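# Observations on the three-dimensional arrangement
As a plain string of letters, each chain reads:
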Amino acid sequence: MMLIVVYSIVAMIALVLMQKGFRKLFPPKFIVIDGLIGAGKSTFISRLRSQNKKVLVVPEPVDEWMGILPLFYQNKQRYAYSFQTLALVTRIKKIQETYQRAIDEGYEYVISERSPLSDQLFMNVLFNDRDVTPLEMEMYRKWKDMWMQIVPIPTKFVYLYVTSSTCLDRIKTRGRKGEDSIKQDYLEKLVQQHEILYSRQLQKIRDRLVPFVKIDMTGKSDDNETVRQVFENMISS
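Residues numbered from 1 in each chain as written. Predicted model: local features only at pLDDT ≥ 70, side-chain atom pairs only at ≥ 80, totals over all residues. Heavy atoms only, no water.

## Considering helix H2 (residues 41-51)
In plain terms, the rule: Partly exposed describes any residue whose relative accessible area lies between the buried limit of under 20% and the exposed limit of over 50%, with all areas from a 1.4 Å probe on protein chains only and scaled to the type maximum. Under the scheme used here, helices are H or I runs from DSSP no shorter than 4 residues and strands are E runs no shorter than 2 residues, and both carry numbers assigned from the N terminus. The directions considered for the arc run from the helix axis to the C-beta atoms.
Buried within H2 are the following residues: Lys41, Phe44, Ile45 and Leu48. Down the axis of H2, the smallest arc covering the buried residues is 95°, so these residues share one side.

## Structural notes on the nonpolar core
Note the following rule: Residue types Ala, Val, Leu, Ile, Met, Phe, Trp, Tyr and Cys, when buried and joined through side-chain atoms within 4.5 Å, form a set referred to as a nonpolar core. Residue contacts are defined here by distance: any two heavy atoms, one from each residue, within 4.5 Å place the two residues in contact.
Ile37, Phe44, Leu160, Leu187 and Met234 are the most contacted members of the largest nonpolar core, which totals 70 residues. The biggest single contributor to this core is helix H4 (residues 76-105), with ten residues. With near-sequence residues (within four places) excluded, Leu160 lies in contact with Ile33, Asp34, Gly35, Ala39, Phe44, Ile215, Met217, Val230 and Met234.

## Here we look at the pairing of strand S3 (residues 109-113)
To keep it simple, the criterion reads: The pairing criterion is simple: DSSP has to find at least two bridges between the two strands.
A large share of S3 lies buried, amounting to five of its five residues. The side-chain alternation of S3 yields two buried faces, one formed by Tyr109, Ile111 and Glu113 and the other by Val110 and Ser112. Here five bridges tie strand S1 (residues 29-34) to S3, and the two strands are oriented parallel to one another. Its bridge partner lying in S3, Phe30 is registered against Val110. Note: strand S2 (residues 55-58) against S3, four bridges, orientation parallel. Among the inter-strand pairings, Val58 is bridged to a residue of S3, identified as Ser112.

## Remarks on the sheet that holds S2
Note the threshold: Axis definition: a line fit to C-alpha positions, over the contact stretch in the case of helices; interaxial angles, taken between N-to-C directions, run 0 to 180 degrees.
Taken in spatial order, the six strands of this open sheet run S2-S3-S1-S4-S6-S5, and their pairing is mixed. One side of each edge strand has no neighbouring strand; the edge strands of this open sheet are S2 and strand S5 (202-205). Between one strand axis and the next, the sheet turns through 25° on average, direction left out of account. Two strands pair when backbone bridges link them, and S1 and strand S4 (residues 156-161) are joined in this way by four bridges, in the parallel orientation. Considered in S4, the bridge of Asp34 is made with Tyr159. Across the face of the sheet, H2 comes into contact with S1, S2, S3 and S4 while running at roughly 160° to S3. Here helix H8 (residues 184-197) sits on the sheet and contacts S1, S4, S5 and strand S6 (208-216); the angle it forms with S4, its principal contact strand, is near 145°.

## Quick notes on unusual backbone geometry
Not every positive phi belongs to a glycine, and Arg114 is a case in point at roughly 70°. Assignment of secondary structure puts Arg114 in the loop between S3 and helix H5 (116-128). Residue classification places Arg114 among the buried residues on the basis of a relative accessible area of 5%. Although it is not a glycine, Arg130 sits at a positive phi angle of roughly 65°. Relative to the elements of secondary structure, Arg130 occurs in the loop between H5 and helix H6 (134-147).

Purely geometric stuff here, so don't read any function into it on its own.
Written as structure tokens, this is what we have:
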């Protein structure tokens with residue numbers, strides 16, 4: 001009897017170790033969702049999470065930005081580098097923590113609201129508008145390039161395209177602190193940056209070619225059926 005108990009315990013331990021090894025061999029698929037401010041990324045991801053238990057979400061760490069975000073929109077030249085650096089570091093920390101949890105708990109997909117590459121688009125607009133100096137841009141790129149070496153490589157990047165005018169209407173409706181000063185020309189500049197990033201359908205990240213996909217959400221609702229269809233598009237090869 002004692003021998004059977006010992007064998008049972010050993011078998012359970014072996015099973016747990018095999019499961020952990022299996023998860024490391026087949027890690028979660030990591031999908032990045034891009035889009036403008038007010039494009040509906042958070043709403044889309046929230047609906048996706050509610051209907052798919054295989055998904056673990058990396059939310060934007062907006063709560064950690066609220067001390068500086070209103071200051072940034074009021075005075076970009078003064079706070080641009082500080083804010084963008086904070087956004088980069090806190091995002092990477094969230095990605096690392098969430099992806100490790102997904103591995104440990106056996107999730108199939110990790111969906112991230114933006115990525116360090118997305119942050120670079122915002123920094124590009126600020127640089128073109130001379131809100132950050134060439135030195136600040138060089139420093140930022142060095143930070144970003146270093147961190148990109150350790151974050152998990154996404155399986156796919158997905159850009160949810162919505163017009164800048166629609167985004168501006170949504171920004172006004174939700175009334176988030178500090179965003180009331182966002183102008184449509186700023187959103188248009190971000191559209192241009194996203195179009196540049198997503199102009200190539202395959203891009204090399206470290207040693208892997210990663211698909212970049214643009215999904216036009218113009219006129220589409222955010223109901224559950226639409227979310228399901230878009231998600232199926234995301235996970236297709």
